[in-house]
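Structure assessment
If you want the building blocks of each chain, they are given just below.
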Amino acid sequence: RHGAVKSEDTFKTSPFHFDLWFYFTLQNWVLDFGRPIAMIILPLEWFPLNKPSAGDYFHMAYNVITPFLLLKLIERSPKTLPRSMVYVSIIVFVMGASIHLVGDSVNHRLIFSGYQHHLSVRENPIIKNLKPETLIDSFELLYYYDEYLGHSMWYIPFFLILFIYFTGCFTPVEEESRMPMAALLLMGPSSLYYWYLVTEGQIFILYIFTFFAMMALVMHQKRKGLVLDSNGLFLFYSFIITLLLIAVWVIWLWNDKILRKKYPGVIYIPEPWAFYTLHMNNLHAAKESL
């Protein structure tokens, strides 16, 4: 039963989940996007560098609340979805987000010591002069756990769960294929957060693969006379707007030679925090020197 889809499920309807999508968007902005900001703006005396920062506590809350919201979202699907895959994905998600918590905590605290995110680990002035040199390898290992292993184990199950939920967002009733005003109001903040997630997490390949899979599913279901319901439209249009925001971001920074060096290769999508440490930090320093 766990992996099966009931035949009658196809004809069930699901109203727009304003509460869940609102909580999702709110906690994403506050607990994910807001954690490094809280770490920077709050007085350092409150959270010494050898103790967890305010952002770390935000991250801990995110690691608990997000899996709960994902499970509630799956529960509200009008179809019976593969529960075993969902549960395994949630477990891996929590593991990846927890690994990222440790690596990200140290990496962001290094900002107070002069670490520059637009440079590689070995190019950072505070790192390349470390003695013995094997310490640099340890910082590169930390960066690997933060930016590669942690992100992969965090974001792959996250997008997988969203896609699994998306597979149940189809209805044969044309009148249900429209979004209420509440969905339209949430779409902007939701899309902007996904932009931040994709660019800062450097997961464009995962995002675009998920988006193409969603497009293929929409076209396949359309041949069967099924259309997206309000929740499916909200998720699908949010991904479309996210793609447009990423395109604008890349075009804006296309000729930035320093960021080009940090992000070589065919896919050039700079991280917002790398842009901040490169340009905004310099701007703040210039203002303070006046």
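To be clear, the structure that these remarks concern was listed above.
Okay, so let's go over this structure. Note that the structure is predicted; figures quoted are calculated from it, not measured.

Some remarks on helix 7 (residues 204–223)
- If you check helix 7, its first and last C-alpha atoms are 29 Å apart, about what 20 residues at 1.5 Å a residue would give, namely 28 Å.
- Every buried residue belonging to helix 7 is among Phe 204, Leu 206, Tyr 207, Ile 208, Thr 210, Phe 211, Met 214, Leu 217 and Gln 221, and all of these are buried.
- The elements touched by buried residues of helix 7 are helix 5 (134–166), strand 1 (170–171), helix 6 (181–201) and helix 8 (230–252).
- Immediately beyond the C-terminal end of helix 7, within one or two residues, lies Gly 225, with a positive phi of roughly 85 degrees.

Remarks on the pattern of salt bridges
- Counted according to the given criterion, the structure contains 7 salt bridges.
- A salt bridge links Asp 32 to Arg 35; the nearest nitrogen and oxygen atoms lie 3.0 Å apart. Pair noted here: Asp 32 and Arg 35 are both in helix 1 (residues 18–41), with a separation of 3 residues, about one helical turn.
- Since its relative accessible area comes to 2%, Asp 32 is described here as buried.
- Note that Lys 72 is salt-bridged to Glu 75, the shortest N-O span being 3.2 Å. Placement of both Lys 72 and Glu 75 in helix 2 (residues 54–75) is noted, with a separation of 3 residues, approximately one turn of the helix.

Let's talk about empty space enclosed by the protein
- For the structure shown, the criterion picks out 3 cavities of 30 Å³ or more.
- If you add up the space inside the largest cavity, you get close to 190 Å³.
- Taken together, 19 residues make up the lining of the largest cavity; nearest its centre are His 100, Asp 104, Glu 147, His 151 and Glu 200.
- Secondary-structure elements contributing two or more residues to the lining of the largest cavity are helix 1, helix 3 (83–109), helix 5 and helix 6.
- Here the residues of the lining of the largest cavity sort into 5 nonpolar, 6 polar and 8 charged.
- Reported here for the second largest cavity is a volume of approximately 60 Å³.
- Together, Arg 35, Pro 36, Met 39, Ser 53, Gly 55, Asp 56, His 59, Leu 101, Asp 104, Ser 105 and His 108 line the second largest cavity.
- Breaking the lining of the second largest cavity down by element, the ones donating at least two residues are helix 1, helix 2 and helix 3.
- Ranked by the residues each element gives to the lining of the second largest cavity, the list is headed by helix 3, at 4 residues.

Thresholds, definitions, all that
The residue numbering used here restarts from 1 in each chain and proceeds along that chain's sequence as written. Local features in this predicted model are restricted to residues of pLDDT 70 or higher, and side-chain atom pairs are both shown and tallied only at a pLDDT of 80 or more, whereas totals for entire chains, interfaces and linings draw on every residue. Where side-chain values are given, they derive from all heavy atoms of the structure, hydrogens and water being excluded. In this description a helix means any DSSP run of H or I spanning at least four residues, a strand means any run of E spanning at least two, and both kinds are numbered starting from the N terminus. The span one expects for a helix is its residue count, reduced by one, times 1.5 Å. Categorising residues by exposure relies on relative accessible area from a 1.4 Å probe, with only protein chains included: less than 20% of the type maximum marks a residue as buried, more than 50% marks it as exposed, and the intermediate range marks it as partly exposed. Two residues form a contact once any of their heavy atoms are found within 4.5 Å. The salt bridge criterion pairs a side-chain nitrogen of Lys or Arg with a carboxyl oxygen of Asp or Glu, the two atoms within 4 Å. As defined here, a cavity is a set of points on a 1 Å grid over the protein atoms alone where a 1.4 Å probe fits but cannot get out. A pocket is an open set with protein on both sides within 12 Å along at least five of seven lines, and residues line them when an atom is within 4 Å of a point. Grid points are joined across faces, edges and corners, and a volume is the space filled by probe spheres set on the points. Charged means Asp, Glu, Lys or Arg here, nonpolar means Ala, Val, Leu, Ile, Met, Phe, Trp, Tyr, Cys or Pro, and polar covers whatever is left, Gly included.

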